[in-house]
Amino acid sequence: AVSDRLATLHVLGIVLDDAGRVTATSAQPGVRLEGARDPEGIAYAPESATVYVSDEDGPAIREYAPDTGRLLREIPLPAVFAGARHNLGLESLSRDPASGVSWTANEEALSTDGSRADERSGTLVRLQRFDRDWKPDGQWPWRTEPLRPGEGRKTGVSDLVALPDGGLLVLEDRKST
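Please read all numbers here as calculations on a predicted model, not as lab measurements.

**Some words on the nonpolar core**
Among the nonpolar cores identified, the biggest contains 11 residues, and these are Ala43, Ala45, Tyr52, Ile61, Ile75, Phe81, Leu90, Leu93, Leu110, Phe130 and Trp134. Counting only elements with at least two residues in this core, the list comes to β6 (39-45) and β10 (90-95). Once you skip the residues sitting within four places of it in the chain, alanine 43 turns out to touch Thr50, Val51, Tyr52, Leu93, Ser94 and Arg95.

As structure tokens, this is what we get:
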């Protein structure tokens, strides 16, 4: 897990019983992620035993050594993501360990893609796919749900889950601020 406030990486332990219920949890002390400012999404790469972390500030996707937090590389993003609004950049990151395909999305519309969500209309975000080698290989628009009346200004894509069949689960956050 990553802490967006502390820019740290934490190894979590979760013990499940035979029915899939959580019976115990633990969290190791965090390691500082070199160069991170507002880390949000995290994806583990079993083939390299590294983690990839999306950062709203920049925005950026970086690869880290999980035991030290040392920055190994930064993944080049399509230039359009430079138009991310403050604190509404790359909120999520997911990776299918079998195929190596990864996904990210901006939380709310880029400045070039229209307005933020309101009570009448959602916001347009970009679902960005990367191949096994982290080369962009597809991008799709996603219109979020509008805000619920009287619930403040916070909405958008909060997380993604890459599914084994190649599908993508998009989770939206519509909360009061």
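On we go from here.
**Digging into the pattern of salt bridges**
A complete count under the given rule lists 10 salt bridges for this structure. The partner of arginine 120 in a salt bridge is aspartate 118, and the shortest N-O contact between them spans 3.5 Å. By relative accessible area, arginine 120 is classed as exposed at 73%. Take aspartate 118: its relative accessible area is 22%, and that puts it in the partly exposed class.

**Here's the deal with the packing of aromatic side chains**
Going through the model one piece at a time under the given rule, you end up with 3 aromatic pairs. Between tryptophan 103 and tryptophan 140, the ring centres sit 5.5 Å apart and the planes meet at 40 degrees, which makes this aromatic pair tilted. Of this pair, tryptophan 103 sits in strand β11 (residues 102-106) while tryptophan 140 sits in strand β13 (residues 136-143); the two residues are 37 residues apart in sequence, bridging distant segments of the chain. The exposure class assigned to tryptophan 103 is buried, which follows from its relative accessible area of 8%. On the basis of relative accessible area, tryptophan 140 is assigned to the partly exposed category, the value being 36%. Each residue in the set Tyr52, Phe130 and Trp134 is aromatic and connected to the rest through ring pairs, giving one cluster.

Parameters and conventions
- Residues numbered from 1 in each chain as written.
- Predicted model: local features only at pLDDT ≥ 70, side-chain atom pairs only at ≥ 80, totals over all residues.
- Heavy atoms only, no water.
- Core = buried A, V, L, I, M, F, W, Y, C linked by side-chain atoms within 4.5 Å.
- Buried < 20%, exposed > 50% of the residue type's maximum accessible area, 1.4 Å probe, protein only.
- Helix = DSSP H or I, 4+ residues; strand = E, 2+ residues; numbered from the N terminus.
- Contact = heavy atoms within 4.5 Å.
- Salt bridge = Lys/Arg side-chain N within 4 Å of Asp/Glu carboxyl O.
- Phe/Tyr/Trp six-rings, centres within 6.5 Å; stacked < 30°, edge-to-face > 60°.

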